[in-house]
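Here is what each chain is made of, one letter per residue.
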Amino acid sequence: MGRFHPHPPGSFPHRPSRRGAPPRVVPPHPPTGAGRPRPSDQPPPAQGGRPPQGSRPPQGTSPTQGTSPTQGAAPTQGGRPAQGGGPARDARAPQGAPPHGGGHSHDTGQAPHRHGDGPGAGRSSVEGGRAELAGMDLSGYDSASERVEVMERILGENERAAAANRAAFDAAGAAVVNLMSAPGAGKTTLLVETLRRLAAHRRIGIIEGDIETSIDADRLTGFGASIALINTGDGFGGECHLDAPMVASALPRLPLAELDLVIVENVGNLVCPAEFTVGEHRRAMVYAVTEGEEKPLKYPVMFRSTDLVLVNKTDLLPHLDFDLAAFRRNLEMVRPGVEVLEISARTGTGVDAWCEWLGRPA
Ligand SMILES: Nc1nc2c(ncn2[C@@H]2O[C@H](COP(=O)(O)OP(=O)(O)OP(=O)(O)O)[C@@H](O)[C@H]2O)c(=O)[nH]1
Ligand SMILES: [Mg+2]
């Protein structure tokens, strides 16, 4: 059993809402996210922290002001903010009624042109929309360089915090794996099976990330691992992912110097967790066969960033029309050569191979 077990089984109070919640077991987070741009660092926000639809933010302001920097400013989604809306009316317009008509030039260096009467007239709305959007910057930023500047600042802050986390992990001699997936792909189920196999031999810490509740932290309690829960709904703006400052806030709640392995169960989300390193040495993602074959093509960010894809719930394959070969082909297109393990966290198939992977040097 574990050498250090700060939370007895069931001691994470389930907190579907904070109102009327029992006393906290987990120390509270800082009131504002460490490493986030503070209002004092920046000019005042545009409306609601986002540029008003159909207009550009005032020169020198950041569309992320007044909001968490991670909402609305993720850089790897085709150059568009991950969340937060943005000038959606502009973006959708080519598939419906254009918000602007007639000849005009965009700020892309393109020559003035007209919509709807060129050689592409008569195409489907999807094709026409793609052609019209090609090369345009619809991000809501005043210029591409401003967008790059804001994103670099946000990611730069995260990178600095991640480097500090990594230094702490290295100093402790703990290998760290960031485990990511869409909601419900089977991360916690897999971790339960992992702890059943490894906790007696390895000193393991789990950083459990969820927006709300201690449900998963409770499921992982009692196997001899040290658990530190991060609810992003508690002081981190309810973010859909963990970032490095959040993980830094959890480190004092782990006996880091005593641990060999730390697994970070990220918040369930197929996109955003991949955009923020938390100081990990390696990344793994769980992908359930119930999610379909095409997701590597539609949501490539996480697939591109991971070192291992665990194809989970294979016990369900006889009941599904999931085409494993097609999924592997799609995966290969976005992440050539990535290691894949076919597993079932339910039956235990492939879990030993995953445990072997965890034991390899980073
Ligand atoms: N059939 C089958 N069900 C599974 C398997 N792995 C997980 N599940 C089920 O899938 C559901 C979600 O599993 P979780 O382990 O909670 O998934 P998760 O990725 O931790 O979910 P979030 O933390 O909410 O993102 C549960 O009902 C599990 O019992 C599997 O290999 N086969
Ligand atoms: Mg979970």
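As annotated in an unreviewed UniProt entry, the chain is Hydrogenase nickel incorporation protein HypB from Frankia umida.

A tally of helices and strands in the chain yields 10 helices and 7 strands. Residues counted as buried form 40% of the 362 residues belonging to the chain.

This part covers the pairing of strand 7 (residues 339-342). Where strand 6 (residues 308-312) lies against strand 7, 4 bridges are found, and the strand directions are parallel. Note that in strand 7 the partner of Val 309 across the bridge is Val 340. Traced from strand 6 through helix 9 (residues 324-334) to strand 7, the parallel crossover comes out right-handed.

Turning our eyes to something else, we now look at helix 9. Every buried residue of helix 9 is accounted for by Phe 327, Asn 330 and Leu 331. For helix 9, the angular spread of the buried residues around the axis is 100 degrees, confining them to a single face. The outward face of helix 9, more than 90 degrees from its buried face, is lined by the exposed residues Ala 325, Ala 326 and Met 333. Against the buried residues of helix 9 lie helix 7 (295-298), helix 8 (300-305) and strand 6.

All right, on to the site of ligand 1 then. Near ligand 1 you find 17 residues, and of these Gly 186, Thr 188, Thr 189, Gly 268 and Arg 346 are the closest. Element by element, the count of residues in the shell around ligand 1 is highest for helix 4 (residues 187-198), at 3 residues. Class assignment for the residues of the shell around ligand 1 results in 4 nonpolar, 8 polar and 5 charged.

Right, let's get into unusual backbone geometry. A positive phi angle, close to 75 degrees, is found at Thr 213, a residue other than glycine. With respect to the helices and strands, the residue Thr 213 is situated in the loop between strand 2 (204-210) and helix 5 (215-219). Although it is not a glycine, Lys 313 sits at a positive phi angle of roughly 65 degrees. Along the chain, the position of Lys 313 falls in the loop between strand 6 and helix 9. Exposure remark for Lys 313: the 23 C-beta atoms within 10 Å place this residue in the buried category.

Strands sit in the order 3-2-4-1-5-6-7 across an open sheet of 7 strands; the sheet is parallel. In this open sheet, the two edge strands, each paired with only one partner strand, are strand 3 (226-231) and strand 7. Here the strands of the sheet are splayed against their neighbours by 20 degrees on average, with no regard to which way each runs.

So, about helix 3 (residues 144-172). When the terminal C-alpha atoms of helix 3 are compared, their 41 Å separation across 29 residues agrees well with the 42 Å that a helix rising 1.5 Å per residue should span. What helix 3 keeps buried is the set Arg 147, Val 150, Met 151, Ile 154, Leu 155, Asn 158, Ala 161, Ala 162, Asn 165 and Phe 169. Its buried side turned inward, helix 3 meets strand 1 (175-181), helix 6 (244-250) and strand 4 (261-265).

Following the sequence through the fold, Gly 238 ends up in the loop between strand 3 and helix 6. When the 14 C-beta atoms within 10 Å are taken as the criterion, Gly 238 is described as partly exposed. A sequence separation of 26 residues divides Gly 238 from Glu 212, and the C-alpha atoms of the two residues are 7.9 Å apart. Beyond its immediate chain neighbours, meaning those up to four positions away, Gly 238 contacts Ile 211, Thr 232 and Gly 233.

A word on the pairing of strand 3. Among the 6 residues that make up strand 3, 6 are buried, leaving the element largely enclosed by the rest of the structure. Burial of strand 3 is two-sided: the residues Ser 226, Ala 228 and Ile 230 facing one way and the residues Ile 227, Leu 229 and Asn 231 facing the other way are all buried.

Further remarks concern the confidence of the model for the chain. On average, residues of the chain score 74 in pLDDT, and 64% of them are at 70 or above. pLDDT under 50 marks residues 1-120. Its contacts with residues more than four places away, or in other chains, come to 195 contacts.

The geometry of helix 4 relative to helix 10 (residues 351-359) is characterised by a closest axis approach of 10 Å and an angle of 70 degrees between their N-to-C directions. Classified by the angle between their axes, helix 4 and helix 10 sit roughly perpendicular to one another. For the pair formed by helix 4 and helix 10, the contact residues are Leu 190, Glu 193, Thr 194, Arg 197 and Leu 198 on the first element and Val 351, Asp 352, Trp 354 and Cys 355 on the second. Broken down by class, the residue content of the contact of helix 4 with helix 10 amounts to 5 nonpolar, 1 polar and 3 charged.

To continue, consider the environment of Gly 205. Within the secondary structure layout, Gly 205 lies in strand 2. Classification of Gly 205 by C-beta neighbours within 10 Å gives buried; the count is 27. Spatially, the C-alpha atom of Gly 205 lies 5.4 Å from that of Ala 225, the residues being 20 residues apart in sequence. Among all residues touching Gly 205, those that are not within four sequence positions of it are Ala 225, Ser 226, Leu 254, Leu 259 and Val 262.

Quick notes on the rules
Within any chain, residue numbers begin from 1 and follow the written order of that chain's sequence. Following the order in which they are written, the chains are lettered starting with A and the ligands numbered starting with 1. Totals for whole chains, interfaces and linings use every residue, but because this is a predicted model, local features are given only for residues with pLDDT of at least 70 and side-chain atom pairs only at 80 or more, for both listing and counting. A run of DSSP states H or I qualifies as a helix once it reaches four residues; a run of E qualifies as a strand once it reaches two. Both are numbered from the N-terminal end. Here a residue counts as buried when 20 or more other C-beta atoms fall within 10 Å of its C-beta, as exposed when 12 or fewer do, and as partly exposed in between; the C-beta atoms come from the backbone. When DSSP finds at least two bridges between two strands, those strands are taken to pair. Note on handedness: a clockwise path from strand one over the helix to strand two, with the strands aimed away from the viewer, defines a right-handed crossover. Directions drawn from the helix axis to the C-beta atoms are what define this arc. We call two residues in contact if the C-beta atoms placed from their backbones are at most 7 Å apart. Any residue qualifies as near a molecule or strand once its backbone-derived C-beta atom lies within 6 Å of it. Classification used: nonpolar for Ala, Val, Leu, Ile, Met, Phe, Trp, Tyr, Cys and Pro, charged for Asp, Glu, Lys and Arg, polar for all others including Gly. For helices, the fitted axis covers only the stretch in contact; all axes are lines through C-alpha atoms, and the angles between them, taken along N-to-C directions, range from 0 to 180 degrees. One less than the residue count of a helix, multiplied by 1.5 Å, gives the span that helix is expected to have. Confidence scores labelled pLDDT are given residue by residue by the predictor and lie between 0 and 100. Here the word oblique covers every angle except those under 35 degrees (roughly parallel), over 145 (roughly antiparallel) and from 65 to 115 (roughly perpendicular).

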